[in-house]
Amino acid sequence: MDSEQAEVGRYAPSPTGDLHLGNLRTAVIAWLHTRLQNGTFLLRIEDLDTPRCVPGSAEQILRDLEWLGLDWDGEVVYQSKRQSLYQVAMAELQDQQLLYPCFCSRKDIREASSAPHSAPGVYPGTCTSLTPREIDEKSALKPAATRIRVADEVVQFDDGCLGAQYQSLASEVGDFVIKRADGLFAYQLAVVVDDLEQGISSVVRGADLIDSAARQIYLFEKLGADAPHYWHVPLMLDEEGNRMAKRDGSESARAWRAAGKNGEQLVGKMAFDLTLVDREEAMSMSELLSLLDFESMTKCLRRMSKADQSRAGV
């Protein structure tokens with residue numbers, strides 16, 4: 001992104017259940033990151049994967065963020081209403097002859113990856129050179145996903161928290177899916193199209209998504225745009241030291257309220273845990289914002305990220 005343009009950030013949760021405290025902490029960091037630069041902060045609901053969406057979850061997310069004191073600019077954007085944008089981007093990639101149908105199941109890929117000289121988890125290119133006749137024959141039996149061909153080169157970027165990052169898509173990922181066999185557009189394409197269309201300059205999200213960055217940078221390049229600056233922030237752990245997850249029933253905003261605690265208490269706890277303040281005390285988001293500057297916050301995030309990497313032996 002052009003360094004002279006105004007800062008535009010976003011928070012983009014998936015409505016697959018209640019936000020846990022780790023989700024909320026990432027939202028707080030993303031909000032601070034934008035507001036400390038006097039930028040525009042957008043909210044996007046990533047409800048594209050409809051089988052995983054929980055009825056009422058999107059509305060609950062909005063209530064939880066408002067309860068926390070987090071505001072946003074403009075209307076909330078829903079991925080499920082943006083199908084035409086994804087189709088246009090897919091057509092652009094097709095015009096570059098980058099796409100091909102893939103009929104492989106997860107089992108097929110897993111078995112191919114277990115063969116000698118195959119890299120585990122990397123798509124082996126089984127369908128990359130199918131003839132038109134073979135495609136017709138396979139299409140009569142099962143629907144195809146759509147994959148994008150990747151270049152045999154290293155994607156390099158500087159992460160705001162984790163520093164220099166490198167990934168060879170060809171050897172570490174392989175050609176990846178941009179539209180699923182069930183007809184749904186894949187996360188990797190949708191998030192790039194959304195960030196591009198909304199003019200996002202910085203993406204602040206959990207460190208568990210770092211592996212997606214190279215694929216998204218590649219898609220930005222093929223769509224003729226610069227990628228935003230990525231900040232993959234430290235994950236919040238539970239009392240046992242495990243990463244919080246919705247499926248594990250990690251503590252949610254709903255549970256926090258049920259215990260008689262308010263949003264300002266949670267903001268104060270998160271600020272203290274992030275070492276943004278010296279002591280834990282209840283405060284509003286605006287009060288926290290007034291205590292900070294952008295440089296001091298980024299130093300805290302980088303220090304925490306470095307500590308996480310040291311614990312992980314990176």
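About the cut-offs
Residues numbered from 1 in each chain as written. Predicted model: local features only at pLDDT ≥ 70, side-chain atom pairs only at ≥ 80, totals over all residues. Heavy atoms only, no water. Helix = DSSP H or I, 4+ residues; strand = E, 2+ residues; numbered from the N terminus. Rg over C-alpha atoms; globule rule 2.2 N^0.38 Å. Buried < 20%, exposed > 50% of the residue type's maximum accessible area, 1.4 Å probe, protein only. Contact = heavy atoms within 4.5 Å. Areas by Shrake-Rupley, 256 points an atom, 1.4 Å probe, with all protein chains shown as cover. Lys, Arg positive; Asp, Glu negative; His and termini not counted. Charge placed at Lys NZ, Arg CZ, Asp CG, Glu CD. Core = buried A, V, L, I, M, F, W, Y, C linked by side-chain atoms within 4.5 Å. Pairing = 2+ DSSP bridges. Axes fitted to C-alpha atoms, helices over the stretch in contact; angles between N-to-C directions. Phe/Tyr/Trp six-rings, centres within 6.5 Å; stacked < 30°, edge-to-face > 60°. Lys NZ or Arg CZ within 6 Å of the ring centre and 35° of its normal.

(A) Molecular detail of the overall build of the protein chain. On a plain count of helices and strands, the protein chain comes out with 12 helices and 10 strands. Its C-alpha radius of gyration of 21 Å places the protein chain within 12% of the 20 Å reference for a compact globule of 314 residues. On the principal axes, the C-alpha backbone points of the protein chain span a range of 65 × 40 × 40 Å. Looking at the 314 residues of the protein chain, the share that counts as buried comes to 48%. For the protein chain, the proportion of contacts with a sequence separation of at least 24, taken over those separated by at least 6, is 77%. When the accessible area of the protein chain is evaluated, it comes to approximately 15700 Å², of which 48% is carbon and sulfur surface. Counting 34 positive and 48 negative side-chain charges, the protein chain places the averaged centre of each group 5 Å from the other.

(B) Representation of the nonpolar core. If you look at the biggest cluster of nonpolar residues, it comprises 45 residues, and the most contacted ones within it are Leu24, Leu32, Leu65, Leu70, Trp72, Leu276 and Leu288. Of all the secondary-structure elements, those providing two or more residues to this core are helix H1 (21–35), strand E2 (40–45), helix H2 (57–68), strand E10 (229–233), helix H9 (253–258), helix H10 (263–273), helix H11 (285–291) and helix H12 (294–312). Those residues in contact with Leu288, other than ones at most four positions away along the chain, are Leu32, Val267, Ala271, Val277 and Met283. Judged by nonpolar contacts, the second largest core, of 35 residues, contains Phe176, Ile178, Val192 and Leu219.

(C) Geometry of unusual backbone geometry. The phi dihedral of Gln97 falls on the positive side, at around 60 degrees, and the residue is not glycine. With respect to the helices and strands, Gln97 occurs in the loop between helix H3 (83–95) and strand E4 (99–102). Since its relative accessible area comes to 66%, Gln97 is described here as exposed. Even without a glycine there, the phi angle at Thr275 is positive, about 60 degrees. With respect to the helices and strands, Thr275 occurs in the loop between H10 and H11.

(D) Main features of the sheet that holds strand E1 (residues 8–11). With parallel pairing, the 3 strands of this open sheet are ordered in space as E1-E2-E3. One side of each edge strand has no neighbouring strand; the edge strands of this open sheet are E1 and strand E3 (77–78). As paired strands, E1 and E2 are joined by 4 bridges and run parallel to one another. Bridging across to E2, Arg10 finds its partner in Leu42. With respect to the sheet, H2 is in contact with E1, E2 and E3, its orientation differing from that of E2 by roughly 150 degrees.

(E) Representation of the sheet that holds E4 within the structure. Taken together, the 3 strands give an open sheet; going across it, the order is E4-E5-E8, and neighbouring strands pair in antiparallel fashion. The sheet is open, and its two edges are formed by E4 and strand E8 (176–179), each paired on a single side. Pairs of neighbouring strands in the sheet enclose a mean axial angle of 45 degrees, with direction left out of account. Examined bridge by bridge, E4 and strand E5 (residues 145–148) share 4 bridges and lie antiparallel to one another. Looking at the pairing, Pro101 lines up with Thr146 of E5. Along the sheet, H3 makes contact with E4, E5 and E8, crossing E8 at roughly 130 degrees.

(F) A look at the packing of aromatic side chains. Under the criterion given, the structure shown has 3 aromatic pairs. Judged by centre distance (6.1 Å) and plane angle (70 degrees), the ring pair of Phe157 and Tyr230 falls under edge-to-face. Here the residue Phe157 occupies a position in strand E6 (residues 154–159), and Tyr230 occupies one in strand E10, the gap between them amounting to 73 residues. For Tyr230, a relative accessible area of 1% corresponds to the buried category. Cation over ring: Arg147 sits above Tyr123, and NZ or CZ is 3.7 Å from the ring centre. Positioned above the aromatic ring of Phe185 is the side chain of Lys179, whose terminal nitrogen or guanidinium carbon lies 4.7 Å from the ring centre.

These results come straight from atomic positions and should not be treated as a statement about function.
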